[in-house]
Amino acid sequence: MEMFDGVGRRRDQKTGQLVSIGENSLNGNERDCLFRNNRDGTFTDTAYVNRADRVEDGRGVALLDYNLDGAMDIVLRNYRQPAQLLRNDGAAGHWLQVKLIGTRSNRDAVGARVTVRSDGQRQSREVHAGSAYLSASTLVQHFGLGTAARVDGVEVAWPSGAQTVLSDVRADQRLTIREE
């Protein structure tokens, strides 16, 4: 038997014979998951109830606010299929989006950390330039605020070492912060 015998093909677990996987990749078709943060260290898969539990041969996923309504939408890229947009039409609470523009740091602020404090909670996001295989999510950082209509504080730690601090920020907006 060659060292690479069967690479790129699947073998039947009982007979050891090569199995035709048709037009699928080696990953086959697996059900997509969509996890909700329960805010207690656990997550619940809500893909089925949100009609996001598709069974396709997934390649990439990207998150963005496609229609600028404050709700994050999902773009899926599947093997040998056109991209699909899953628009989030669900009821949303308050939110804040933060777009960073670097001047001393890199222009896209890759590596910057944004921390938002509201309603006794603290959330942090770090700006990343790539997020998944064959895809990248938006560089705009999204924060779900629930019932909080205001943000107590927004702190940005820039890659250059600079800090930006804002207080008493209105929710439900896309806030652009330029590095000073």
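Notes on the structure in this doc start here. (Residues numbered from 1 in each chain as written. Predicted model: local features only at pLDDT ≥ 70, side-chain atom pairs only at ≥ 80, totals over all residues. Heavy atoms only, no water.)

## A look at the side chain of Gln141
By the element assignment, Gln141 lies in strand E13 (residues 141-146). For Gln141, a relative accessible area of 8% translates into the label buried. A distance of 2.8 Å separates the side chain of Gln141 from the backbone oxygen of Leu139, its partner in a polar contact. (Helix = DSSP H or I, 4+ residues; strand = E, 2+ residues; numbered from the N terminus. Buried < 20%, exposed > 50% of the residue type's maximum accessible area, 1.4 Å probe, protein only. Polar contact = N/O pair within 3.5 Å; in protein donor to acceptor, adjacent residues only side chain to side chain.)

## A word on the pattern of salt bridges
Under the criterion given, the structure shown has four salt bridges. A salt bridge links Arg113 to Glu126; the nearest nitrogen and oxygen atoms lie 3.2 Å apart. Residue Arg113 is located in strand E11 (residues 113-118), and its partner Glu126 is located in strand E12 (residues 121-126); the two are separated by 13 residues in the primary sequence. Measuring nitrogen to oxygen at the nearest pair gives 3.4 Å for the salt bridge that ties Arg117 to Glu155. Taken together, the positions of Arg117 in strand E11 and Glu155 in strand E14 (residues 150-157) put the pair 38 residues apart, joining distant regions of the chain. Accessibility expressed as a relative area gives 33% for Arg117, which makes it partly exposed. (Salt bridge = Lys/Arg side-chain N within 4 Å of Asp/Glu carboxyl O.)

## Things to note about the sheet that holds strand E10 (residues 94-101)
The strand order across the open sheet built from three strands is E13-E10-E16, with neighbouring strands paired in mixed fashion. Looking along the sheet, the strands with just one partner apiece sit at the ends: E13 and strand E16 (173-178). Between one strand axis and the next, the sheet turns by 25° as a mean value, whatever way the strands run. With six bridges joining them, E10 and E16 adopt parallel strand pairing. Bridge pairing in E16 links Lys99 to Thr176. (Pairing = 2+ DSSP bridges. Axes fitted to C-alpha atoms, helices over the stretch in contact; angles between N-to-C directions.)

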